[in-house]
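Structural overview
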Number of protein chains: 2
Amino acid sequence: MRGVSADRGTDYNRSLRAITFEVVAECPTTGARAGILHTPHGDVETPVFIPVGTQATVKGLTPRDLVEELDVRLLLANTYHLFLRPGHELIRSCGGLHGFMNWPRAILTDSGGFQVFSLSDLRKVTEAGVLFRSHLDGDEHLFTPESTVDVQMALASDIMMVLDECVGYPATHEAAREAMKRTTAWARAAFAHYRERRVEAPGAGALFPIVQGGMYADLRRECAGELIALEADGYAIGGLSVGEPRSLSLEMVEAVVPGLPRDRPRYAMGVGLPEELPEYVARGVDMMDCVLPSRNARNGCLFTSQGRVILKQARYRDDQGPVDPACGCYTCQNFSRAYLRHLFQAGEMLFATLATLHNLRRYLDIMRRIRHSILIGTYPQYVESVRSVPIPQE
Amino acid sequence: MRGVSADRGTDYNRSLRAITFEVVAECPTTGARAGILHTPHGDVETPVFIPVGTQATVKGLTPRDLVEELDVRLLLANTYHLFLRPGHELIRSCGGLHGFMNWPRAILTDSGGFQVFSLSDLRKVTEAGVLFRSHLDGDEHLFTPESTVDVQMALASDIMMVLDECVGYPATHEAAREAMKRTTAWARAAFAHYRERRVEAPGAGALFPIVQGGMYADLRRECAGELIALEADGYAIGGLSVGEPRSLSLEMVEAVVPGLPRDRPRYAMGVGLPEELPEYVARGVDMMDCVLPSRNARNGCLFTSQGRVILKQARYRDDQGPVDPACGCYTCQNFSRAYLRHLFQAGEMLFATLATLHNLRRYLDIMRRIRHSILIGTYPQYVESVRSVPIPQE
């Protein structure tokens, strides 16, 4: 399918792709690039941070908040959760995830592999796939490389992920190698099935393979080398944020990225902290997702231009200033730390809404600044400037 | 203060009032009237339903939702809760409730009497006031007629309530009479204090006395007769919705209203179901509040033009229609019953937001229809038409 033109592919090849990616600027010093992801549900500027809407909703926010307040272009939903409840066939009958949750823009789904992996006691991995028990009712289910593609096609996701096997941290080289090998075999099986199904469903979304290999650079490189033969529309780097030191996650990305095609988006799954976003981008990552901004928001931890604000602290009791004076979000423009602290202490739902709105805005603002500095050629200076800001600890 | 003009008072008198009320139309057949309540934070068209924001927030909604989506003009907040947490002095230092919660429109506060009454074991009533233990930390506090005025003035409420004593249902005539007598004495004490304080704080809100008397029409009439001597800006009818048959609540309103001044707003506290709203209005009530639309919303019960919709029911599992095809709210315009049922089953916060938005819109739409039919002179027909609609039971 590829190979006619080393960098972009021909127009013919591009028309076969479910999504296409355009690199519009590259940093001459770091590996950072700014691009545009063209999806059936609109364009997504990269680098992009993808908010997490596990059960077909970003906890506490309406789709209107996500579009009008945050201008989110790409949302993540979790296949494992939606497969169990309400079920992918129900979602298919409601017009896929876009129709079901009334989300007009692009959607990325994971394969459920990471969630099943985190069930530990309730799962059993075989060559065919992974057998697991539902955390909701204990019912047994089997995910195979093929079935997870089918489920995600029922969800009508714009960007789907292959089933992968994640190892924990620490893991032996042998265990990591075995999981990586299985991930690679599963990716091939998933793509064979996906290509067959696309004949009848040419509008289906893109499918990304996932690079695994634990915290071993050699395995990561080997995995990437195998997966590029699939000529996918994009590549994910999985198995990060499983308990390893954060420097190790960055090292793994460094090992993988040079082996991936320049003209396809690279997606680091499940990262990271606000101060880590520029580091991933500097290493050539285009897409990231993380539950931290929304989960920490609900727990009362807000990310600001001055570091973390832990709202339950007594010093904010009568603080009439906004969470972040430099922030333009609805929360910071309208409410004081004192009011937000009251809502948190009183267990009021409005707290989660206002805090999530702020934290996601913070992440998206960082990504906009990153993209802008890549476009105007000042990314190395940007990275230096944020690295030199001391991050207050919680 | 009054008496110069029997119906409206002179301009001089009006300028002394914290709020004023204009009757703009009256139903010639029933006791219904349409009016305008002029408050320091904007005009409120009556009859009005007042959404409940107990802890300085309507659970699940932003102030922006309340203004832009629902056009709420008057909001209720609970003195008992806010006194305990975050404390009225903190709220005073943040610019009163309007500043604290960033609510630009009118606010009504109760006195905390009803909440303290519902504590049962934790309270002790004396002539001076009511001693109670906080449900949060067990600390002892005393509410007096004077202190509850002071607390509500710190909250900078537009419409304050006097401390009252509520009896449960059933209650003996003797017990109801005693509580009514104490309520009347407390109202006099509250007004004496309020009038003193207003000399230094001429911008303070209005204070409404509360008619009590249990479920005894003679006591209700006696209480109203005593309270009109206070020449208040408005009158509340309390002690309803304490477990009595709903027909009895309406009978008590019928007993009280003829004894209240025609040119002052009448507020039935804590009522009612959607189908009861027209009944209260037909009996001369101008203002109502109730937790039902928001609480039932969170529990999955939605009020529609076709009756209740209990979303957890299996029949809505793949129902792609809106909650109420006749409703123009954000929820009905954008989401299916199937999606809402999924959110409810999955315990997602967004459910509470979307359901509350709908139920409040339903209540406010009913009030708008009521007001419109009074204005165009068709209220009796309106009441007949809604009475003849069978209400499906839950």
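That block above? That's the structure.
The text that follows walks through the structure, step by step, so that each part is easy to find. (Residues numbered from 1 in each chain as written. Chains lettered and ligands numbered in written order. Predicted model: local features only at pLDDT ≥ 70, side-chain atom pairs only at ≥ 80, totals over all residues. Heavy atoms only, no water.)

1. Points about the relation of the copies chain B and chain A
By a simple turn and slide, chain B fits onto chain A: the slide is 0.0 Å along the axis, the RMSD is 0.0 Å, and the turn is 180°. This pairing of chains is accounted for by a two-fold axis. Considering only C-alpha atoms, the part of chain B nearest the rotation axis is Met349 of chain B, at 3.8 Å. Residue by residue, 100% of the interface of chain B is reproduced at the interface of chain A, so both copies engage with the same surface. (Least-squares fit on C-alpha atoms with pLDDT ≥ 70 in both. Contact = heavy atoms within 4.5 Å.)

2. Describing the pattern of salt bridges
Counted by the stated rule, this structure contains 50 salt bridges over all chains. For the salt bridge of Glu384 of chain A with Arg387 of chain A, the shortest nitrogen-to-oxygen distance reads 3.2 Å. Taken together, the positions of Glu384 of chain A and Arg387 of chain A, both in helix H16 (residues 379–387) and three residues apart, correspond to about one turn of that helix. Residue classification places Glu384 of chain A among the partly exposed residues on the basis of a relative accessible area of 47%. Under the relative-accessibility criterion, Arg387 of chain A is labelled partly exposed at 44%. Two residues, Arg133 of chain B and Glu140 of chain B, come together in a salt bridge whose shortest N-O distance is 3.5 Å. Accessibility expressed as a relative area gives 38% for Arg133 of chain B, which makes it partly exposed. Linked through salt bridges whose partners overlap, the residues forming this network are Glu254, Glu279, Arg283, Glu384 and Arg387 of chain A. (Salt bridge = Lys/Arg side-chain N within 4 Å of Asp/Glu carboxyl O. Helix = DSSP H or I, 4+ residues; strand = E, 2+ residues; numbered from the N terminus. Buried < 20%, exposed > 50% of the residue type's maximum accessible area, 1.4 Å probe, protein only.)

3. A few points about unusual backbone geometry
Cis peptide bonds are those with omega within 30 degrees of zero, and the linkage from Val271 of chain A to Gly272 of chain A qualifies with 10°. Phi at Glu231 of chain A takes a positive value of approximately 45°, unusual for a residue other than glycine. Residue placement: Glu231 of chain A occurs in the loop between helix H9 (217–227) and strand E13 (235–237). For Glu231 of chain A, a relative accessible area of 21% corresponds to the partly exposed category. For Asn102 of chain B, which is not glycine, the phi torsion reads 55° and is therefore positive. Residue position: Asn102 of chain B is located in the loop between helix H5 (96–101) and strand E6 (106–109).

4. Thoughts on the sheet that holds strand E2 (residues 33–39) of chain A
Residues and elements named next belong to chain A. Pairing is antiparallel across the open sheet formed by three strands, whose spatial order is E1-E2-E3. Here the strands that pair on one side only, and so sit at the sheet edges, are strand E1 (20–26) and strand E3 (42–46). Across the sheet, the axes of successive neighbouring strands diverge by a mean angle of 20°, strand direction being ignored. Summarising the sheet, E1 and E2 pair through six bridges and their orientation is antiparallel. By the bridge assignment for E2, Ala25 is matched with Ala34. The sheet contacts of helix H15 (residues 349–375) involve E1, E2 and E3, and relative to E2 the element is tilted by about 115°. (Pairing = 2+ DSSP bridges. Axes fitted to C-alpha atoms, helices over the stretch in contact; angles between N-to-C directions.)

5. Considering helix H10 (residues 246–256) of chain A
All buried positions along H10 of chain A are accounted for by Leu248, Ser249, Leu250, Met252, Val253, Ala255 and Val256 of chain A. Close packing links the buried residues of H10 of chain A with strand E12 (210–211), H9, E13 and helix H11 (277–282) of chain A.

6. Some remarks on the interface of chain B and chain A
Chain B puts 39 residues into the contact, and the matching count from chain A is 39 residues. Summing both sides of the interface, chain B and chain A together bury roughly 3400 Å²; the carbon and sulfur share of this comes to 57%. It is Arg64, His342 and Met349 of chain B that lose the most area in chain B upon contact with chain A, and together they represent 18% of the buried surface on that side. In this structure, Lys59 of chain A engages Glu348 of chain B in a salt bridge whose closest nitrogen and oxygen atoms are separated by 2.6 Å. Of all elements in the fold, only helix H2 (63–69), helix H4 (88–93), H5, helix H13 (330–334), helix H14 (337–345) and helix H15 (349–375) of chain B reach the threshold of two or more residues within the side of chain B that touches chain A. Grouping the amino acids of the side of chain B that touches chain A by side-chain chemistry returns 19 nonpolar, 11 polar and nine charged. (Buried area = accessible area lost by both parts, 1.4 Å probe. Nonpolar A, V, L, I, M, F, W, Y, C, P; charged D, E, K, R; others polar.)

7. Observations regarding the side chain of Gln212 of chain B
Residue and element names in this part refer to chain B. With respect to the helices and strands, the residue Gln212 is situated in the loop between strand E12 (210–211) and helix H9 (217–227). In this structure the side chain of Gln212 is engaged in a polar contact, spanning 2.7 Å, whose partner is the side chain of Asp164. If sequence neighbours within four positions are ignored, Gln212 has contacts with Asp164, Glu165, Cys166, Met180, Thr183, Leu219, Arg220, Cys223, Gly238 and Gly239. (Polar contact = N/O pair within 3.5 Å; in protein donor to acceptor, adjacent residues only side chain to side chain.)

8. Points about the packing of aromatic side chains
Residues and elements named next belong to chain B. The final tally for this structure, using the stated rule, is 24 aromatic pairs over all chains. Aromatic side chains Phe49 and Tyr363 sit 4.6 Å apart centroid to centroid with 55° between the ring planes, which places their arrangement in the tilted category. One end of the pair, Phe49, is in strand E4 (residues 48–50); the other, Tyr363, is in helix H15, and 314 residues separate them in sequence. A centroid spacing of 5.9 Å and a plane angle of 20° characterise the contact between Tyr379 and Tyr382, whose relative ring orientation is stacked. (Phe/Tyr/Trp six-rings, centres within 6.5 Å; stacked < 30°, edge-to-face > 60°.)

9. Quick word on the environment of Arg262 of chain B
Residue and element names in this part refer to chain B. Mapped onto the elements of the fold, Arg262 is located in the loop between helix H10 (246–256) and strand E14 (266–268). With relative accessibility at 39%, the residue Arg262 sits in the partly exposed group. In the structure, Arg262 is positioned 239 residues away from Val23 in sequence and 8.7 Å away in space, judged by C-alpha atoms.

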